[in-house]
Amino acid sequence: MSAPISPPPVFGSGRQELPAYLANGLVGLRVREMPLAAGMALLSGYTGEHYERQIEAAAVAPYPVAADLALDGVWLSDVPQQVGELEQAYDFSAGELTTRFSFQAAGRTAQVEVLTFCSRHDPTLVCQEIAVTVDKACSLGLRAIVDASGVDGKALRHARTTPAEETPATDGTLLWESAGALSTCGVAIVTALTGAGAGEQEPSRPPLRDHRLVTDYQVRARAGRTVRLRQMASIIPEAMHKMPDQHAARPAAKARKDGFDKIRKQNRAAWQELWQGRIRLEGAGERWQSLADAAFFYLNSSVHAASPASTSIFGLATWHDYHYYFGHVMWDIEAFAVPPLCLLQPDAAFSLLDYRSANLEGAKRNAQLWGRRGLQFPWESAPRSGEEAAPLPGTAAWHEDHVSLDVAWAFALYADITGDAEFLRTKAWPVLRGVAEWICSRVTKTRDGYAINDSMGIAEREEPVDNAAFTNMGAVVVLRAAIRAAERLGFAAAPAWLEIAEGMIIPKRGKAVISHDGYRANEEKGATPDPLMGIFPLGFPLSPAEEQATLELYLGSAQDYIGSPMLSALYGAWAARAGHRQLALKLLDDGYGQFLTGRFLQTLEYRADRFSEQPQAGPFFANIGGFLTGLLYGFAGLKPSSGTPESWAERPVTLPAGWTSIEIDRIWVRGQPMRLVARQGAERAELTPLSP
């Protein structure tokens, strides 16, 4: 396995760009250019009342690994202008961020190196090591801080001792309640100091003050000798434990026993295992390989088998100037993130889907509230409750019906790829049956067939339409998946499912599928290629002539859409499917490559050069997932089914111009490791089982 390409280091500061994003699927951090200052932390399943919209939203948690340092009593936080030579580097192979800088005060100069990571092996742990080397002997102050200043909510309690134990198991614990008292999270921290000499390492641990839990070390530092402060914090949402501060003390105490070096080694090993699924783009050049590595890294960073509440469209990342999706779980996750994860990290894909399974009652009630049967999944699902949380008045939630179809499709896809019969029976079948029942209550029978009226496709227009193509295509795909699942499980499918699937109206003009009844190319968002999403990756079957006509229609208006979120990343795969290799390369760059800008190759929601009025918001997982889905399935010509994996390669391999192959040493299929090789021009991609 070749090592992934990490992004280039960043020197200096003061740019208008997003800070570094570190995550492991349970906790996510925004780490500032100066990493000792508190950044922003999100925690899967931790929510609060949004300050403006007053809806349930992902809440910022206390920052677990803030810090400060002083030379002869002069604290860096008081004189930040004394920092220089700032350099920050991200190692994608291990998920480690390293920051180096100098700090001058009191006639002394300190060289500082800060290593920060979120452990994948122990997903509640965030770890940081601060290494300080001074040029002259001086008094050195080091503070480890759990920082909740500026965070909405309040402290319910904190502790510096361990009940009934003479020696505290941790440096301290904190129970924090979110705004609106919607949920709590718990933090516990342990610290260790090395290199300071004997008798100088006992810290002070004052009570919580100004929403900051501080462990304060004061030592005598020698010239040229490195002193290291190690912080290991466990942070846990109430969604995973009813007394999260007390439980956080358990993994934190274990971290103290295991030690920083062991935890770091285990994290690196976990990443090494994940990188066996690295997507190698032979012939594509270093730039495209680096973009593929970055996409792989950020998606896999933001999901984990331990995630209790799926992930948001920005993963576990946020920043001050974008908040408009509120950390809600939306259809983009099932449509764009689940497909690549089924092959790369199936345990995490299961976790994302399990969030939906755990909230079926909410989907059932949501359908009832709209006067329908079955399961209608919320347009914007609140992470804690799984209920509709779209900002009032919730206009998108009135008409965006396709979310239920995307969720059901993802369950069917996971069942086909993993071959997990128990998942099909206990998880996928209830969803497929419930959504099929919902479709039956949602359609209207007309003389032309079955219609879905007053709905929206992917383009969120001002007014709904009749027979949005993507919605109707999705309904057919899901009904047929439900019928197949019933046959495999020995159940009887309702006769209406087949009748509706065969009679569903798919709007067309000539041979080409169009976006909806009465579609005009010059209408609002008229270039949105939602019928192409129905073809791939959804898999709605068309005749070769119909498919080609539909592809050509929307490829012709690509430049009127590209730069927008979500579907832009799929244009390269659609162009290749239409047989246009040179166009595929151009549209892949226009629709994905140009979305990456700023620090450490974070994929933005909008192309900055085309939507300069939009904030820089990322990493955006519809774009990332669309790009990876194109690499794994689209260019390779794979369409998973309940049949043998050898049958999944249904079409010749067509890659962007100049690319010779897409190769992955290890993907997961039917619970077994397999190798994928898709060579340009090959009749079919190769799926080869690996030796045990």
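Preceding block: the structure.
Residues numbered from 1 in each chain as written. Predicted model: local features only at pLDDT ≥ 70, side-chain atom pairs only at ≥ 80, totals over all residues. Heavy atoms only, no water.

K.L.:
Mind showing me how you'd approach a negative patch on the surface here?
P.N.:
A cluster of acidic residues, Asp448, Asp454, Asp466 and Asp517, forms a negative patch at the surface. Checked against the element boundaries, Asp517 lands in the loop between strand S23 (512-513) and helix H12 (530-535). Residue classification places Asp517 among the partly exposed positions, given a relative accessible area of 36%. (Patch = residues over 30% accessible without salt bridge, like charges linked within 9 Å, V, L, I, M, F, W, Y side chains within 5 Å. Areas by Shrake-Rupley, 256 points an atom, 1.4 Å probe, with all protein chains shown as cover. Salt bridge = Lys/Arg side-chain N within 4 Å of Asp/Glu carboxyl O. Lys, Arg positive; Asp, Glu negative; His and termini not counted. Charge placed at Lys NZ, Arg CZ, Asp CG, Glu CD. Helix = DSSP H or I, 4+ residues; strand = E, 2+ residues; numbered from the N terminus. Buried < 20%, exposed > 50% of the residue type's maximum accessible area, 1.4 Å probe, protein only.)

K.L.:
Where do I start with the sheet that holds strand S24 (residues 661-669) in this structure?
P.N.:
Two pairing modes exist for strands in a sheet, parallel and antiparallel, and in both the strands are linked by backbone hydrogen bonds. Pairing is antiparallel across the open sheet formed by four strands, whose spatial order is S19-S24-S25-S26. Either end of the sheet is taken by a strand with one partner, and the two such strands are strand S19 (279-282) and strand S26 (686-689). In this sheet, adjacent strand axes meet at a mean angle of 20 degrees when their direction is disregarded. Taken strand by strand, helix H16 (residues 621-634) contacts S19, S24 and strand S25 (672-679), and its axis lies near 70 degrees from that of S19. (Pairing = 2+ DSSP bridges. Axes fitted to C-alpha atoms, helices over the stretch in contact; angles between N-to-C directions. Contact = heavy atoms within 4.5 Å.)

K.L.:
Before we go on, may I ask you to explain the environment of Arg278 in this structure?
P.N.:
By the secondary structure assignment, Arg278 is in the loop between helix H2 (260-274) and S19. Remark: the alpha-carbon pair of Arg278 and Ile667, spanning 389 residues in sequence, is separated by 9.0 Å. In this structure the side chain of Arg278 is engaged in a polar contact, spanning 2.8 Å, whose partner is the side chain of Asp293. (Polar contact = N/O pair within 3.5 Å; in protein donor to acceptor, adjacent residues only side chain to side chain.)

K.L.:
Quick question: what am I supposed to make of unusual backbone geometry here?
P.N.:
Peptide bonds are trans in most cases, and residues, glycine excluded, mostly fall at negative phi. With omega at 10 degrees, the peptide bond leading from Leu392 into Pro393 counts as cis. Residue position: Pro393 is located in the loop between helix H6 (360-369) and helix H7 (395-399). Omega for the peptide link from Phe536 to Pro537 comes to 15 degrees, which places this bond in the cis form. Positionally, Pro537 belongs in the loop between H12 and helix H13 (544-555).

K.L.:
Honestly, the sheet that holds strand S1 (residues 10-11) in this entry has me stumped. Any pointers?
P.N.:
Read from one edge of the open sheet, nine strands run S1-S9-S10-S11-S12-S18-S16-S15-S14, paired in antiparallel fashion. Of all the strands in the sheet, just S1 and strand S14 (154-159) have a single pairing partner and so form its edges. Examined bridge by bridge, strand S12 (residues 125-134) and strand S18 (residues 226-237) share nine bridges and lie antiparallel to one another. Bridge pairing links Ala131 to Arg228 in S18. Across the sheet, H2 lies against strand S9 (83-91), strand S10 (96-105), strand S11 (108-118), S12 and S18, angled at about 50 degrees from S11, the strand it touches most.

K.L.:
How should I be thinking about empty space enclosed by the protein in this particular structure?
P.N.:
By rolling a water-sized probe across the atoms, one finds the places where empty space is left. For the coordinates displayed, the defined rule picks out four cavities of 30 Å³ or more. In this structure, the largest cavity spans a volume of roughly 70 Å³. Taken together, Ala412, Ala415, Asp416, Leu424, Leu432, Ala481, Arg484, Ala485, Arg488 and Ser642 make up the full set of residues lining the largest cavity. Those elements that provide at least two residues to the lining of the largest cavity are helix H8 (402-418), helix H9 (421-442) and helix H10 (469-489). With four residues, H10 is the single largest residue contributor to the lining of the largest cavity. (1 Å grid on protein atoms, 1.4 Å probe; cavity = no way out; pocket = protein on both sides within 12 Å on 5 of 7 lines; lining within 4 Å. Points joined across faces, edges and corners; volume = space filled by probe spheres on them.)

K.L.:
Sorry, what's going on with the nonpolar core here?
P.N.:
One recurring pattern in soluble globular proteins: nonpolar side chains tend to sit buried together. Trp331, Val435, Ile439, Met533, Trp574, Phe627 and Leu631 are the most contacted members of the largest nonpolar core, which has 220 residues in total. The element that contributes the greatest number of residues to this core is H10, accounting for 13 residues. When sequence neighbours within four positions are dropped, the list of residues in contact with Trp574 reads Pro529, Leu532, Met533, Phe536, Leu551, Leu555 and Leu567. One finds Leu115, Ala188, Ala252 and Phe260 within the second-largest nonpolar core, a separate group that totals 14 residues. (Core = buried A, V, L, I, M, F, W, Y, C linked by side-chain atoms within 4.5 Å.)

K.L.:
Just checking my understanding: could you explain the side chain of Gln231 for this structure?
P.N.:
Tracing the chain through its elements places Gln231 in strand S18. Overall, the relative accessible area of 0% leaves Gln231 in the buried class. A distance of 2.8 Å separates the side chain of Gln231 from the backbone oxygen of Ala66, its partner in a polar contact. With near-sequence residues (within four places) excluded, Gln231 lies in contact with Val65, Ala66, Ala67, Val126, Cys127, Gln128, Ile130, Ala144, Ile145, Ile189 and Val190.

K.L.:
Looking at this structure, how should I read the state of the cysteines?
P.N.:
Where two cysteines share a covalent bond between their sulfur atoms, that bond is called a disulfide. Enumeration over the complete set of coordinates arrives at zero disulfides. Cys127 carries a free sulfur, and the closest cysteine sulfur to it, the one in Cys118, is 8.5 Å from it. Unpaired in this structure, Cys185 has its nearest cysteine sulfur neighbour in Cys118, at a distance of 14 Å. Residue Cys185 is classed as buried on the basis of its relative accessible area, which comes to 0%. (Disulfide = S-S within 2.5 Å.)

K.L.:
When you look at the packing of H9 against H10 in this model, what are you seeing that I'm missing?
P.N.:
The relative placement of two packed helices comes down to the angle between their axes together with the axis-to-axis distance. Close contact between H9 and H10 brings their axes to 9 Å; oriented N to C, the two are set at 135 degrees. If you check the angle between H9 and H10, you find them oblique. Viewed along their axes, H9 and H10 form a crossing whose handedness is left-handed. Mapping the contact onto sequence places Leu424, Arg425, Trp429, Leu432, Val435, Ala436 and Ile439 in H9 and Ala475, Val478, Leu479, Ala481, Ala482, Ala485, Ala486, Arg488 and Leu489 in H10. Of the residues assigned to the contact of H9 with H10, the class counts are 14 nonpolar, no polar and two charged. (Parallel < 35°, antiparallel > 145°, perpendicular 65-115°, else oblique. Left-handed = near helix turned anticlockwise from the far one by under 90°. Nonpolar A, V, L, I, M, F, W, Y, C, P; charged D, E, K, R; others polar.)

K.L.:
Help me understand the pairing of strand S13 (residues 138-147) in this model?
P.N.:
Looking down a regular strand, the side chains alternate between one sheet face and the other. Extensive coverage of S13 is indicated by the burial of eight of its 10 residues. As judged from the 10 bridges shared by S13 and strand S17 (residues 212-221), these two strands associate in the antiparallel manner. The residue bridging Leu140 from the neighbouring strand is Val219, located in S17.

K.L.:
Quick question: what am I supposed to make of a nonpolar patch on the surface here?
P.N.:
Together, Leu369, Trp370 and Trp398 make up a nonpolar patch on the protein surface, roughly 360 Å² of accessible area in all. Turning to its location among the elements, Leu369 is positioned in helix H6. Owing to a relative accessible area of 72%, Leu369 belongs among the exposed residues under this scheme.

K.L.:
Hey, could you run me through the pattern of salt bridges in this one?
P.N.:
Opposite charge on two side chains makes pairing possible when the charged atoms of those side chains draw close. If you walk through the whole model with that rule in mind, you get 43 salt bridges. One salt bridge in this structure joins Asp258 and Lys262, with 3.9 Å as the shortest N-O distance. The partner of Glu547 in a salt bridge is Arg651, and the shortest N-O contact between them spans 3.6 Å. A residue pair is termed long-range when its members are at least 10 positions apart, and Glu547 in helix H13 and Arg651 in the loop between H16 and S24 qualify at 104 residues.

K.L.:
Before we go on, may I ask you to explain the environment of Leu29 in this structure?
P.N.:
Take Leu29: it is sitting in strand S3 (residues 27-31). Taking the C-alpha atoms as reference points, Leu29 and Leu142, 113 residues apart in sequence, are found 21 Å from one another. For Leu29, the contacting residues outside a window of four places in its chain are Ala20, Tyr21, Leu22, Met40, Ala41, Tyr63, Pro64, Val65, Cys118, Val126 and Leu316.

K.L.:
Looking at this structure, I do not really get the packing of helix H5 (residues 346-358) against H8. What am I missing?
P.N.:
At a minimum axis distance of 11 Å, the contact between H5 and H8 shows a crossing angle of 140 degrees. Here H8 runs oblique to H5, going by the angle between their axes. In the crossing of H5 with H8, the sense of the turn from one axis to the other is left-handed. Mapping the contact onto sequence places Pro346, Ala349, Phe350, Leu353, Arg356 and Ser357 in H5 and Val403, Val407, Ala410, Phe411 and Tyr414 in H8.

Purely spatial values, then, with no claim about function.
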